[in-house]
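# Survey of secondary and tertiary structure
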Amino acid sequence: MKALCWFGKNDVRVEDVPEPKILNPRDAIIRVTRTAICGSDLHLLDGYIPTMERGDILGHEFMGEVVEVGGEVKNLNVGDRVAVPFTISCGNCFFCRRELWSLCDNTNPNAAIPEKLYGFTTAGLFGYSHMTGGYAGGQAEYARVPFADVGPVKIPGHLEDEQALFLTDIFPTGYMAAENCDIRPGDTVAVWGCGPVGQFAIKSAYLLGASRVIAIDRVPERIEMARTEGRAETLDFDDEYIFDKLKEMTGGRGPDSCIDAVGMEAHGGGSFDAYLDKAKAAAFLATDRPHALRQAIHSCRKGGTVSIPGVYGGFLDKIPFGAAFQKGLTFKMGQTHVQKYLRPLLKLIEDGKIDPSFVITHRMRLEDAPQGYHIFKNKQDNCIKIVLKP
Amino acid sequence: MATSETALTQEQIDRGEAPQGYTRDVNVGEIERWASAIGGGALAVYGLTRGTYGGIALALLGASLVHRGTTGHCYAYDAAGVNTAKSASDNPFVSVEGGRGVKVEKSVTINRSPGELYNFWLNFENLPRFMNHLEEVRVTGDGRSHWVAKGPAGTSVEWDAESYNLKENEMIAWRSLEGSQVANAGSVHFTPAPEGRGTEVRVVLKYDPPAGVLGAWVAKLFGEAPEQQIEEDLRRFKQLMETGETATVTGQTSGRTAGA
Ligand SMILES: NC(=O)c1ccc[n+]([C@@H]2O[C@H](COP(=O)([O-])OP(=O)(O)OC[C@H]3O[C@@H](n4cnc5c(N)ncnc54)[C@H](O)[C@@H]3O)[C@@H](O)[C@H]2O)c1
Ligand SMILES: [Zn+2]
Ligand SMILES: [Zn+2]
């Protein structure tokens with residue numbers, strides 16, 4: 001079958017690889033009908049995530065048709081159409097039972113690596129380095145889905161693939177980011193990053209009752225989508241007065257909560273700290289570039305919440321922890337507990353409260369995925385979200 | 001930073017001394033500890049920013065120094081025999097002479113009742129399902145069993161063992177019988193965690209590796225260490241008991257299998 005494989009920094013290729021097999025009783029095999037490229041995949045492409053190996057199959061946003069199930073998968077039948085969460089979770093452990101699915105104890109075969117780096121292991125993830133299990137991903141014609149009895153959700157026949165696909169990651173991710181803000185009536189939520197995750201965070205903030213959303217990016221078509229689709233007010237981060245503007249727009253108080261939907265590869269506009277970040281990352285003195293996060297912490301009102309769906313992996317430099325402490329901020333973050341949100345968000349889609357396909361700008365064949373990575377990374381051709389059809 | 005520490009450690013071990021600041025639980029001196037944390041941090045950062053496997057090795061080495069720095073616990077000292085408990089007449093591990101061999105102790109919390117875990121473990125023939133270095137355990141009756149383990153370089157090591165000190169749903173202990181190639185003993189303890197949070201499982205193993213104490217230390221550096229091994233075994237035990245299977249990617253497809 002064809003699969004998109006990682007071969008090194010800025011080197012992904014579509015290769016012919018063997019079809020996946022059932023390896024465990026709770027596995028299923030899915031024939032992938034749609035898959036997407038995510039901002040998280042760009043961190044892999046750019047070499048920011050360690051423990052990648054040549055030949056790893058990427059892709060953690062995919063859906064399709066069940067073609068084979070292991071002996072212990074009783075809830076799925078061959079022919080079912082399902083969306084697959086990017087988090088691989090057992091459903092049985094302390095964390096899964098508390099709906100902290102991305103923190104599952106039991107699904108990372110390489111648990112020793114995160115234990116060394118982070119103290120404890122987190123869940124296995126599809127197509128996201130050997131640190132999170134080394135599971136082959138779904139940018140392929142077929143994929144093996146472990147713990148298929150608790151992960152995949154069946155999609156009703158009247159929904160299009162494109163309406164359901166983003167249940168696998170970015171819709172729950174934006175939604176959890178907004179939910180983590182504990183939004184109350186009258187709240188203003190500021191969102192850094194108008195990529196797909198930011199777009200869903202904006203919509204979700206309104207769904208959860210925010211009065212205003214202010215979105216920050218510099219890519220014109222993304223700002224435009226935040227304005228038209230998301231009904232957000234927008235700011236350009238090349239503008240060096242983001243903090244002052246946010247303060248001004250909120251009557252001098254600051255946003256009630258701030259969402260960092262940018263992550264470890266933030267661009268810094270013209271700011272001085274951003275130049276330092278780049279220099280430090282290049283000189284191996286820091287691993288991540290937390291410019292958006294710094295700004296979010298600085299801008300957040302006293303007693304507010306900083307919610308971080310953007311991915312960080314290592315050591316961050318010059319985080320204004322004093323500001324966070326003195327202002328009594330709350331921090332919420334982490335990989336999304338996708339399984340927790342599948343059914344409630346599927347219901348929102350079915351009820352017509354949201355159609356997640358609004359974010360799609362490009363549809364391509366799997367064979368053209370390397371080109372897709374290229375234009376998505378470089379924000380060419382007004383690209384916001386790419387869906388691949390194997 | 002890392003090299004000078006290693007040298008210091010090595011010297012102390014050669015002299016048979018514990019390093020300064022030594023106590024039973026915290027065996028790395030205070031100053032050395034801060035040095036480890038800072039030096040380790042920089043190493044980890046350096047390793048992480050290089051997107052290669054070599055980078056990871058560095059990151060992990062750095063991380064283990066950070067770990068050592070923040071916990072004050074250096075595995076090498078343990079593996080080298082510094083810090084192992086002295087023999088006492090009430091030591092249950094009678095098949096391994098006091099002051100000799102390697103002792104490891106690990107805990108894990110499992111979302112099952114003590115009874116379920118006890119019963120699974122009590123049938124020693126189940127052990128190879130999660131202890132990867134075991135090829136087979138055959139129960140020969142009368143509390144006795146025959147164990148076959150993978151030895152170094154494709155060989156295998158065999159011994160007979162007996163169980164003793166069984167406390168239903170609480171504890172199982174076993175020890176190798178006289179004349180075993182690898183004298184070893186072990187015990188597993190099951191304690192209910194508070195408020196229905198499953199069971200805390202603690203395993204204590206002690207054994208005398210064929211090449212002596214230093215052999216295990218060297219083995220540790222190459223990844224076949226007893227500490228790591230028991231940690232991995234316990235992880236698989238937990239996976240098996242909680243999920244019915246052990247997580248794996250062995251045998252999955254990739255662009256490597258394509259010969260690309
Ligand atoms: N927590 C999770 O489980 C989870 C799931 C999916 C994605 N993510 C992460 O969310 C982040 C965003 O994902 P995406 O798919 O939207 O990625 P993306 O790369 O398409 O979007 C990032 C956006 O941030 C903007 N940006 C860069 N620097 C900025 C700055 N300083 N201020 C404001 N905006 C800035 C970019 O212009 C871009 O539009 C990534 O880090 C991704 O890894 C996390
Ligand atoms: Zn994603
Ligand atoms: Zn779990």
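What you see is a predicted model; the values in this text were computed from it and never measured.

## Focus on the domain arrangement of chain A
A common way to express how large an interface is: the accessible area buried when the components associate. Residues and elements named next belong to chain A. Assigned domains of chain A: these are domain 1 (2–169 + 336–389) and domain 2 (174–333). The C-alpha-based centres of domain 1 and domain 2 are spaced at 26 Å. Across the boundary between the two partners, domain 1 contributes 25 residues, which contact 20 residues of domain 2. Per-residue buried area on domain 1 facing domain 2 is highest for Tyr-48, Phe-358 and Ile-384; these three make up 32% of the total on that side. The tally of links between domain 1 and domain 2 comes to 1 salt bridge.

## A look at the pattern of salt bridges
Residue and element names in this part refer to chain A. Enumeration according to the criterion identifies 33 salt bridges over all chains in this entry. Asp-351 serves as the salt-bridge partner of Lys-347, at 2.7 Å between the closest nitrogen and oxygen. Of the residues examined, Lys-347 reaches a relative accessible area of 48% and is grouped as partly exposed. Asp-351 gets classed as partly exposed once you look at its relative accessible area, which sits at 41%. Two residues, Asp-368 and Arg-365, come together in a salt bridge whose shortest N-O distance is 3.4 Å. Given the relative accessible area of 48%, Arg-365 is considered partly exposed. When salt bridges with common partners are traced through the structure, they connect Arg-34, Arg-81 and Asp-161 into a single cluster.

## Some words on helix α7 (residues 220–228) of chain A
For α7 of chain A, the full list of buried residues reads Glu-221, Arg-222, Ile-223, Met-225 and Ala-226 of chain A. Next to the buried residues of α7 of chain A lie α6 (196–207), β12 (212–217), β13 (233–236) and α13 (369–377) of chain A.

## Notes on the nonpolar core
One finds Ile-155, Phe-166 and Phe-171 of chain A to be the most contacted residues of the largest nonpolar core, which totals 73 residues. Considering every element that reaches this core, the biggest residue donor is helix α12 (residues 338–350) of chain A, with 7 residues. In this view, Ile-155 of chain A contacts Met-63, Arg-81, Val-82, Ala-83, Ala-164, Leu-167 and Leu-346 of chain A; residues no more than four positions away in its chain are not counted. By size, the runner-up hydrophobic cluster in this structure holds 32 residues, among which are Phe-124, Met-131, Trp-174 and Val-182 of chain B.

## As for the coordination of the zinc ion (ligand 2)
Residue and element names in this part refer to chain A. Distances from the zinc ion (ligand 2) to its protein donors, namely Cys-38 (SG), His-60 (NE2), Glu-61 (OE) and Asp-169 (OD), fall within the range 1.8 to 2.5 Å. Between the 4 donor atoms coordinating the zinc ion (ligand 2), the angles at the centre fall across 85 to 136°, so the site counts as irregular. Sequence spacing of the donors to the zinc ion (ligand 2): C-x21-H-E-x107-D. Here the residue Cys-38 occupies a position in the loop between β3 (28–37) and α1 (39–45), and His-60 occupies one in the loop between β4 (56–57) and β5 (61–69), the gap between them amounting to 22 residues. The class for Cys-38 is buried, based on a relative accessible area of 3%.

Criteria and thresholds
Residues numbered from 1 in each chain as written. Chains lettered and ligands numbered in written order. Predicted model: local features only at pLDDT ≥ 70, side-chain atom pairs only at ≥ 80, totals over all residues. Heavy atoms only, no water. Domains from an automatic or database assignment. Contact = heavy atoms within 4.5 Å. Buried area = accessible area lost by both parts, 1.4 Å probe. Salt bridge = Lys/Arg side-chain N within 4 Å of Asp/Glu carboxyl O. Buried < 20%, exposed > 50% of the residue type's maximum accessible area, 1.4 Å probe, protein only. Helix = DSSP H or I, 4+ residues; strand = E, 2+ residues; numbered from the N terminus. Core = buried A, V, L, I, M, F, W, Y, C linked by side-chain atoms within 4.5 Å. Donors = N, O, S within 2.8 Å, 3.2 Å for Na, K, Ca; no water. Tetrahedral: all angles 85-135°; square planar, octahedral: opposite > 155°, others 65-115°.

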